[in-house]
Amino acid sequence: MTLDKRLSLIASYVRPGSRLADVGTDHARLPAALVATGHCPRAIASDLRTGPVNAARLTVNAAGLEKRIDIRQGDGLAPLSAKEADDIVIAGMGGETIAGILDAAPWTRNSHFRFILQPMTRVEYLHRYLLQHGFSILREEAAEEAGRLYVVLLAQFTASPPAAEDDPKIWIGALSPYGLDKLYLQKQQQSMLKRAAGLRSRPSPSAEDEMEANFWENTAAVIQSYWEEST
């Protein structure tokens, strides 16, 4: 089964021999590909909605993997227990939603698990949650699919001290200052500067507008300093 660039990057983060849980599986292409190739011995594919669950079941049945991939319906991590998976993928959702899923399952605070996360929006929110709740971001990369850039990150609970609110990693994560990673950060930086300019261009900017504009400009400067110091 062929995976697109986004799913291929996610798949590359999954440890060989691990039991996989794919939360928000949609069509279950990722677990089907990893189990079919023997990369994972078993997998659980779950989704909140009936449509994706039915689509996942079709994919799994067509691949003849019914005995090795369990299809489940439910919210977040609720459909599985802590003893059923090693590597857990949560992809294709907003950063706030992914953070909420992790927060609702206290058993995720265990270094046994590795979390492969792919937020569609609010990446900085997910970074902040992880870094302030004892998780470490072990790896992070950008991928491009259909003209859009996505980030995929690998996180693990390490009981690390909470990051400060102004920690640059909240915005940068573990991205490198090169290639698609740098391009992703540049786009984030441009968006920040555009927001700041929009606030300043209002007919009568308020003190709150000025403070928010300063925040976005300062954050953009943090990103700029990151790749200038790294090259």
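Here, every reference points to the structure presented above.
Just so it is clear, the model here is predicted, and its values are computed rather than measured.

1. Brief notes about the environment of Phe135
So, step 1. Position of Phe135 relative to the elements: it lies in strand S6 (residues 135–145).
So, step 2. Expressed as a C-alpha distance, the spacing of Phe135 and Ala159, which sit 24 residues apart in the sequence, is 6.4 Å.
So, step 3. What Phe135 contacts, discounting residues up to four positions off in sequence, is Thr108, Arg109, Phe115, Tyr129, Leu130, Gln156, Phe157, Thr158 and Ser160.

2. Some remarks on empty space enclosed by the protein
So, step 1. Scanning the model with the defined rule gives 1 cavity of 30 Å³ or more in all.
So, step 2. In this structure, the largest cavity encloses a volume near 60 Å³.
So, step 3. Val123, Glu124, His127, Trp171, Tyr184, Gln188, Met192 and Ile223 are the residues that line the largest cavity.
So, step 4. Among the secondary structure elements, those contributing two or more residues to the lining of the largest cavity are helix H5 (123–132) and helix H7 (179–200).

3. Remarks on the side chain of Thr108
So, step 1. By the secondary structure assignment, Thr108 is in the loop between helix H4 (95–103) and strand S5 (114–119).
So, step 2. At 2.8 Å, the side chain of Thr108 forms a polar contact with the backbone oxygen of Ala105.
So, step 3. Other than its neighbours up to four places away in sequence, Thr108 contacts Leu77, Leu102, Phe113, Phe115, Phe135 and Phe157.

4. Comments concerning the pairing of strand S1 (residues 20–23)
So, step 1. The two faces of S1 match: Leu20 and Asp22 on one face and Ala21 and Val23 on the other face are all buried.
So, step 2. Both S1 and strand S2 (residues 43–47) contribute to a ladder of 4 bridges, which runs parallel. Note on S2: the bridge partner recorded for Leu20 is Ala43.
So, step 3. Of the crossover connections in this fold, the one passing from S1 over helix H2 (residues 29–36) to the parallel S2 is right-handed.

5. Details of the pattern of salt bridges
So, step 1. In this structure the tally under the stated criterion is 15 salt bridges.
So, step 2. For Asp86, the salt bridge identified is with Arg19, shortest N-O distance 2.9 Å. With Asp86 in the loop between strand S3 (69–73) and strand S4 (87–93) and Arg19 in the loop between helix H1 (5–12) and S1, this pair connects stretches of sequence that are 67 residues apart.
So, step 3. Of the charged contacts, one joins Glu217 and Arg200 as a salt bridge, the two residues approaching to 2.7 Å between their closest N and O atoms. You can see Glu217 sitting in helix H8 (residues 207–230) and its partner Arg200 sitting in helix H7, a full 17 residues away along the chain.
So, step 4. Judged by its relative accessible area of 30%, Glu217 is partly exposed.
So, step 5. Overlapping salt bridges, with partners in common, bring together Arg42, Asp70, Arg72 and Glu84 in one network.

6. Some thoughts on the sheet that holds strand S7 (residues 148–157)
So, step 1. A sheet is described by the order of its strands in space; here 7 strands give the open sequence S3-S2-S1-S4-S5-S7-S6, paired in mixed fashion. Since the sheet does not close on itself, it has two edges, and those belong to S3 and S6, each with one partner. Geometrically, the sheet is characterised by an average inter-axis angle of 15° between neighbouring strands, direction not taken into account.
So, step 2. Here 3 bridges tie S5 to S7, and the two strands are oriented antiparallel to one another. Within S7, the residue paired with Phe115 across the bridge is Ala155.
So, step 3. In this fold H2 packs onto S1, S2, S3 and S4, with an angle of close to 165° to the strand it touches most, S1.
So, step 4. Across the sheet, helix H3 (residues 50–62) lies against S2 and S3, angled at about 170° from S3, the strand it touches most.

The rules we used
- Residues numbered from 1 in each chain as written.
- Predicted model: local features only at pLDDT ≥ 70, side-chain atom pairs only at ≥ 80, totals over all residues.
- Heavy atoms only, no water.
- Helix = DSSP H or I, 4+ residues; strand = E, 2+ residues; numbered from the N terminus.
- Contact = heavy atoms within 4.5 Å.
- 1 Å grid on protein atoms, 1.4 Å probe; cavity = no way out; pocket = protein on both sides within 12 Å on 5 of 7 lines; lining within 4 Å.
- Points joined across faces, edges and corners; volume = space filled by probe spheres on them.
- Polar contact = N/O pair within 3.5 Å; in protein donor to acceptor, adjacent residues only side chain to side chain.
- Buried < 20%, exposed > 50% of the residue type's maximum accessible area, 1.4 Å probe, protein only.
- Pairing = 2+ DSSP bridges.
- Right-handed = clockwise from strand over helix to strand, strands pointing away.
- Salt bridge = Lys/Arg side-chain N within 4 Å of Asp/Glu carboxyl O.
- Axes fitted to C-alpha atoms, helices over the stretch in contact; angles between N-to-C directions.

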